Amino acid sequence: MDDCIFCKIVKGEIPCRKVYEDDEALAFDDIHPMAPVHVVIVPKRHLATLLEVDEDALPAVAAMIRAAQEAARIKGIAERGFRTVINCNEEGGQVVFHLHMHLLGGRKLADGLG
Ligand code: AMP
Ligand code: ZN
């Protein structure tokens, strides 16, 4: 997607603070962190929202989850614990329409899911 900011990050056209990368997924620090550790994990394949995930897209989602595991280990929060969030569409708080997972940790996160 030409005008997608996360596709541009995947292609290296916009810089990021890379945490982890493999053939199918990329993890980078969120530019506006909501916690001491806040990583964004994207499948390299452009999928706009969680609603676009069909059978064919499952490997990309699996890669995103594996990259989140790696990012949690790299950031040193795997054993302490963390939260993952996928926002979908307007009321879900999605701002960037390229499927992504937030990895949050490094402090005790608030109870509840807001
Ligand atoms: P969402 O609200 O789920 O769509 O989350 C989008 C996230 O992307 C927000 O937390 C933003 O801070 C983050 N973000 C937007 N642009 C960038 C960027 N260039 N580099 C890193 N994170 C970004
Ligand atoms: Zn994209």
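Numbering of residues begins from 1 in every chain and follows the order in which that chain's sequence is written. Chain labels run from A onward and ligand labels from 1 onward, assigned in the order the entries are written. The predicted origin of the model limits local features to residues at a pLDDT of at least 70 and limits the giving and counting of side-chain atom pairs to 80 or more, whereas totals for whole chains, interfaces and linings rest on all residues. Just so you know, side-chain values use all the structure's heavy atoms and leave hydrogens and water out.

Chemist: Help me get a handle on the coordination of the zinc ion (ligand 2), residues and values and all.
Modeler: Keep in mind that water is not among the atoms, so a site may look incomplete; donors are the N, O and S atoms within 2.8 Å of the metal, or 3.2 Å for Na, K and Ca. In this structure, Cys4 (SG), Cys7 (SG), His46 (ND1) and His98 (ND1) serve as the protein donors to the zinc ion (ligand 2), at separations of 2.0 to 2.3 Å. Mapped onto the polypeptide sequence, the residues donating to the zinc ion (ligand 2) form the spacing pattern C-x2-C-x38-H-x51-H. One end of the pair, Cys4, is in the segment before α1 (5-10); the other, His46, is in the loop between β3 (37-43) and α2 (58-74), and 42 residues separate them in sequence. Under the DSSP-based scheme used, a helix requires at least four consecutive residues in state H or I and a strand at least two consecutive residues in state E, with every element numbered from the N terminus.

Chemist: Any chance you could break down the pattern of salt bridges for me, citing the residues and the numbers?
Modeler: Whenever a carboxyl oxygen of Asp or Glu lies within 4 Å of a side-chain nitrogen of Lys or Arg, that contact is scored as a salt bridge. Here the structure, examined in full by the defined rule, presents eight salt bridges. Note that Lys108 is salt-bridged to Asp111, the shortest N-O span being 3.9 Å. Just as Lys108 is exposed, Asp111 falls in that class too. One network of salt bridges, in which partners are shared, links Arg17, Asp29 and Lys75. Throughout this description, buried means an accessible area under 20% of the type-specific maximum (1.4 Å probe, protein chains only), exposed means over 50%, and partly exposed covers the range between.

Chemist: Tell me about the state of the cysteines, residues and numbers included.
Modeler: Throughout, disulfides are identified as pairs of cysteine sulfur atoms within 2.5 Å of each other. Per the counting criterion, the structure on display carries zero disulfides. Unpaired in terms of disulfides, Cys88 finds its nearest cysteine sulfur in Cys4, a separation of 15 Å. Since its relative accessible area comes to 24%, Cys88 is described here as partly exposed.

Chemist: Please set out the sheet that holds strand β4 (residues 82-85) residue by residue, giving values where relevant.
Modeler: One bridge is not enough; two strands pair if DSSP finds at least two bridges between them. Strand order in this open sheet of five strands is β1-β2-β3-β5-β4, and the pairing throughout is antiparallel. Looking at the sheet topology across the chains shown, the edges are occupied by β1 (18-21) and β4. The average angle at which neighbouring strand axes cross in this sheet is 20 degrees, direction not considered. Pairing of β4 with strand β5 (residues 101-105) involves four bridges; the strand directions are antiparallel. Looking at β5, one finds that Arg83 is bridged to Leu104. Between the N-to-C directions of two axes lies an angle of 0 to 180 degrees, each axis being a line fitted to C-alpha atoms and, for a helix, fitted only over the stretch in contact.

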